[in-house]
Amino acid sequence: MERALSGSVDSRASLHTVSSINAAQLSARLESYESGEKKSISDVRRTFCLFVTFDLLFITLLWIIELNVDGGIEKQLSKEVLYYDYHSSFFDIFVLAVFRFTLLILAYAVCKLRHWWAIAITTAVTSAFLIVKVIISKLLTQGAFGYLLPIMSFVLAWIETWFLDFKVLPQETEDENRFQSVPDASERAVLIQPGPLSDGQFYSPPESVADSDEETEEKQDHEKPVL
């Protein structure tokens, strides 16, 4: 009886320990998700905004290099900005990069938008403008930058679209669903935790009459004198 009692106590203690560990793990996960939820912007969205900034800086750098190639930056800047010509100027590609940066940062960093309509607008405008410009203008006759600036602007716009649609939005949706599931699991863990042990939980069945009769007979046999 004592062995059964100790085994029951050990099993109840182990169950209580496991439940306590599970509850502690769930509490830690809940705190981590709450801290992540309190962040102003998620890590993957911050990476997207950094890439959008890189897009603007990279196109600006290429345009400045192009201005320095032919006759100095002041002369070329006056020619491409003040005397803008759609067929030969790269200034509109720079303005297109500024447009992408402004709209995407406002939509996904300031307003924290969770939809693809803003990136769809920037990508569609960029693609349509560059295709028409390459067909109508004379950029391809102006050396390497006539190829490089339109191609890089087109590629960066589509990389931004892919990154937002396949990385940012799905990752944030998954994190949000996981965060919402943690409180439910924590509540279930609290409900299944064992309560305090009581004497009534340990019950040992009474000894049967047959067992007591057999023990009495064995004692009488041992007490008989040996002849």
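Model, not experiment: these values are computed from the prediction.

Cut-offs and rules
Residues numbered from 1 in each chain as written. Predicted model: local features only at pLDDT ≥ 70, side-chain atom pairs only at ≥ 80, totals over all residues. Heavy atoms only, no water. Helix = DSSP H or I, 4+ residues; strand = E, 2+ residues; numbered from the N terminus. Expected span 1.5 Å × (residues − 1). Buried < 20%, exposed > 50% of the residue type's maximum accessible area, 1.4 Å probe, protein only. Axes fitted to C-alpha atoms, helices over the stretch in contact; angles between N-to-C directions. Parallel < 35°, antiparallel > 145°, perpendicular 65-115°, else oblique. Left-handed = near helix turned anticlockwise from the far one by under 90°. Contact = heavy atoms within 4.5 Å. Nonpolar A, V, L, I, M, F, W, Y, C, P; charged D, E, K, R; others polar.

Here we take up unusual backbone geometry. Located in the positive-phi region is Lys-112, a residue other than glycine, with phi close to 55 degrees. Tracing the backbone shows Lys-112 in the loop between α4 (91-110) and α5 (117-136).

This part covers α4. With 20 residues, α4 ought to run about 28 Å at 1.5 Å a step, and its terminal C-alpha atoms sit 27 Å apart, in line with that. Restricting attention to buried positions, one finds in α4 the residues Asp-92, Ile-93, Phe-94, Leu-96, Ala-97, Arg-100, Leu-104, Ile-105, Ala-107 and Tyr-108. Following α4 by one or two positions, Lys-112 adopts a phi angle in the positive range, close to 55 degrees.

Where helix α2 (residues 43-69) contacts α4, the axes come no closer than 9 Å and their chain directions differ by 165 degrees. As the angle between them shows, α2 and α4 are arranged roughly antiparallel. Taken as a pair, α2 and α4 cross one another with a handedness that is left-handed. Residues Arg-45, Phe-48, Cys-49, Val-52, Thr-53, Asp-55, Leu-56, Ile-59, Thr-60 and Trp-63 of α2 lie in contact with α4, whose contacting residues are Phe-91, Ile-93, Phe-94, Ala-97, Val-98, Arg-100, Phe-101, Leu-104, Ile-105, Tyr-108 and Ala-109. Across the contact of α2 with α4, the residue classes tally to 16 nonpolar, 2 polar and 3 charged.

Function cannot be inferred from these measures alone, as they are strictly geometric.
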